[in-house]
Structures are given as C-alpha cells and as structure tokens.
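# Structural overview for review
Here is how the chains run, residue by residue.
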Amino acid sequence: MNTALNEAAPAAAPTHPTANKHDLVVTTIGLTKTYNGAAAVDHVDLRVPRGGVYGFLGPNGAGKSTTMKLLLGLTRPSSGSMQVLGHPVSARSPLPAGAIGSLIEGPSFYPRLTGPENLAMVADYLGLSRGRVQHALSTVSLTGQDKKLVKDYSLGMKQRLGLAMALLAQPPLMLLDEPTNGLDPAGVAEIRQLIVDLARQEGTTIIVSSHILSEIEQMADVVGIICDGRLRYQGPLSGLQDDGVIDFTVSDPAGAAALLGEQHIQHELRGRTVRTPMLPEEAVGALVSRIVHGGGTVFRVQTVRKTLEQAFLELTDPLGSPSLPTSTTAAPFTVRGVN
Ligand SMILES: Nc1ncnc2c1ncn2[C@@H]1O[C@H](COP(=O)(O)OP(=O)(O)OP(=O)(O)O)[C@@H](O)[C@H]1O
C-alpha cells in the first residue's frame, strides 16, 4: 500500500506567483506583529502582483486586519520588512497620505453631513480637486443621493461611500478589509462587482480580505491564505487543488493490484476498489483491457478530486473536514461558502 496517495494536496509552504519583483506591488519579508508575546502576524511573506484582485483569505482572528494595518502604517511591525509600491515602508518612511486607498473596520464619516460633503472634506485634506467627488460617487453608483445625510444611509450605501472615499485619490493600490461584512446577498454581489470592475477597468491593485472562500473565489486572481498569523498558501486558487486520483472498482482487486505492481504504478487497496494516482487515458484503457482479458470485471472507473472547500479547510482547520464530500468527474465541481 502506498501512503503517498493519502497526503494532503498542497504543501503548507507558501507558493509564490510567477511575477518577478518589479511586477509586485506589495512584498513583505518575515512580517511579524506580536501583542503581549502572541504573534497576530507571524513571519508573513506577501507577494502581491500588480493589477487585479488579491484575495486575503482566513478565518476570524487569522491576522488579516493586522496585516492590512501594518501595510497602511497604522501599527508598527515587531520585526520584518515591507515594500509597498516600490518603496520600503517603515515608521521613518511612511507612504504619502492617499497613496493607498483603504477600507478598514468600517469607514468613519461625519453622520450629519451628506456623502458628497464627507468626500469633499477628504478631498480637501488630501489636496485633491473637489471635481473628483462626483467621479468617485458615480464609480460606486451613489449618485442622486446628494441631499441625504450619512446617518440615514443603509449599510450598503455606507460601504459604497467608504469605497468612494478609498478611491478618491485614484490610488494604484487599495486595501479593503472584509468590505462585504454585514451586507445582504444583493449588496455583497454589488460590492464584489464593483471591486472586480475597479481592478479590471482602472488597473487598480486591490487586496481584499474575507473569511468566505466562495466570495474570494469569485473575485480574486491570486489568494493568500492566512491562519494563526501564518501564511499557509499563496498563489492562484486553482493551485490548491490536487491532480486527483483514480478509483478502479473491480471483481478481483488483488489481481488488479498485481497488474499495477508489475507496471510500477503506485496503488492502494480499498475493499473492491484499487486507487491509483492520476494516469494518462492510454494507461487507464490498457489496465481495463488487461483486467477484462484476464477474466475480471471492471465495475467502475472514477476520478476523485478534493473540493476547493476541503483543501481550504485542511489549510485553516487543524481538524480538517472529513465529512465533506469529494467531487468526482461524474458530478460538477461544488464549492460552498465557509461561514
Ligand atoms: N490591538 C490588539 N491587541 C491585542 N491583540 C490583538 C490586537 N489586534 C489584534 N489582536 C489579535 O491578533 C489576532 C489577529 O487579529 P486580526 O484582527 O488581525 O484577525 P482577522 O483575521 O482580521 O480577524 P477577523 O476576520 O475576525 O477580523 C487575534 O488573535 C486578535 O485578538
């Protein structure tokens, strides 16, 4: 029996996108933040490629907000280094105000002012033309609400106003911390579309955090998965999935195993099933033909693949999720949200 077939798909070590260092908007090396001796962010090496959406995924308390605050200079690292937009960032050399647009822990506004008035104040503070205000409002589809005070805004409107504030300076990089938190499904879809459009149409790099796999899956080109302060994976979501295995259900599993052994093909006996790693179609055909010619019966040949959700849970949940179904070639790929 070959135990290699049972190994979890991706190694826990982070993989890096293929981008070279000049294509990277954010690079961190060994970024660490401890509170009272406990690491909230633990030796994180981020590699965020230029343009597109980088999904920063992890369960509650994983270290997402702390990482974003470190990148924004809102808190200081305990150790490690950061390079943002080509500049080494430290307490001594922070990025200029407005260089990064951000939405962290719910935007704060003057509730007794209108949306445009709130944005105008930020434009003045950043030394920007007030002409940007209407453009930002129309980008987030918040026009026609000019008279309404922010205290009377819905949660979705406040999130959109927060996004408008973040993009007022047309920054090349935006950090959005759980921007869909608390929104209803329609609001979630709206904000998600807005983020994708900003990245595609304006060429903005957007780092967006979430604890919901399905949400990130619909937005992100590249993901970083963090848990207990450590980056467990970095790269395209597709990289989380393994090649899968093939299950041959046969009348004589020992005989089939012997045939595989002759060809030095790894295999594992599971009752009437013999499991192999993914094989070329020709090899599958040849094996089936030899079994049948030897008088055996092949009941089923099935490709079994771990779902994206299982791979994610294995990285972020020490107990994994043994009860979840695996997807097979017989059924469409299913990915459900993790709440
Ligand atoms: N100012 C602080 N003082 C002490 N501990 C903190 C502080 N800020 C964060 N932490 C701790 O650091 C860890 C990471 O928190 P963080 O808010 O970064 O996680 P998160 O992934 O953003 O979680 P969530 O999805 O719940 O917002 C948690 O254990 C949290 O309690």
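Residues numbered from 1 in each chain as written. Predicted model: local features only at pLDDT ≥ 70, side-chain atom pairs only at ≥ 80, totals over all residues.

This next bit is on the confidence of the model for the chain. The share of residues in the chain with pLDDT of 70 or more is 87%, and the mean pLDDT across the chain is 85. Considering each helix and strand of the chain separately, the mean pLDDT is smallest for strand β16 (residues 327-328), with a value of 40, and largest for strand β2 (residues 38-44), with 97. Every residue in residues 1-19 scores below 50 in pLDDT, and together they form 40 contacts with partners more than four places removed in sequence or on other chains. Under a pLDDT of 50 for its full length, residues 321-339 has, in the predicted model, 38 contacts with residues more than four places off or in other chains. Reported confidences for the modelled complex are a pTM of 0.78 and an ipTM of 0.97. (pLDDT = per-residue confidence, 0-100. Helix = DSSP H or I, 4+ residues; strand = E, 2+ residues; numbered from the N terminus. Contact = placed C-beta atoms within 7 Å.)

What follows covers the UniProt feature "domain: ABC transporter" (unreviewed entry) in the chain. The UniProt feature table records "domain: ABC transporter" (unreviewed entry) at residues 26-253. Within the segment residues 26-253, helix and strand shares are 29% and 30% respectively, and the terminal C-alpha atoms sit 52 Å apart. (UniProt positions renumbered as here; feature names shortened; annotations may be inferred.)

Let us look at the site of the ligand. In the vicinity of the ligand, the residues found are Y35, A40, G58, N60, G61, A62, G63, K64, S65, T66 and H211. Sorting elements by how many residues they give to the shell around the ligand places helix α1 (residues 64-72) first, with 3 residues. Considered class by class, the residues forming the shell around the ligand number 3 nonpolar, 7 polar and 1 charged. (Near = placed C-beta within 6 Å. Nonpolar A, V, L, I, M, F, W, Y, C, P; charged D, E, K, R; others polar.)

When cut into domains, the chain gives domain 1 (21-240) and domain 2 (243-305). For domain 1 versus domain 2, the separation of C-alpha centres amounts to 49 Å. (Domains from an automatic or database assignment.)

This part takes up the environment of P107. Mapped onto the elements of the fold, P107 is located in the loop between β7 (100-103) and α2 (115-126). Residues within four places of P107 in sequence aside, it is in contact with K158, L161, G162 and M165.

This paragraph deals with the sheet that holds strand β8 (residues 173-177). The strand order β7-β8-β9-β4-β10-β11 describes an open sheet built from 6 strands, whose pairing is mixed. With partners counted over all chains shown, the strands left at the sheet margins are β7 and β11 (230-235), one partner each. In this sheet, neighbouring strand axes are inclined to one another by 15 degrees on average, regardless of whether the strands run parallel or antiparallel. Lying over the sheet, α1 contacts β4 (52-57), β7, β8, β9 (205-210) and β10 (222-227), oriented at roughly 150 degrees with respect to β8. (Pairing = 2+ DSSP bridges. Axes fitted to C-alpha atoms, helices over the stretch in contact; angles between N-to-C directions.)

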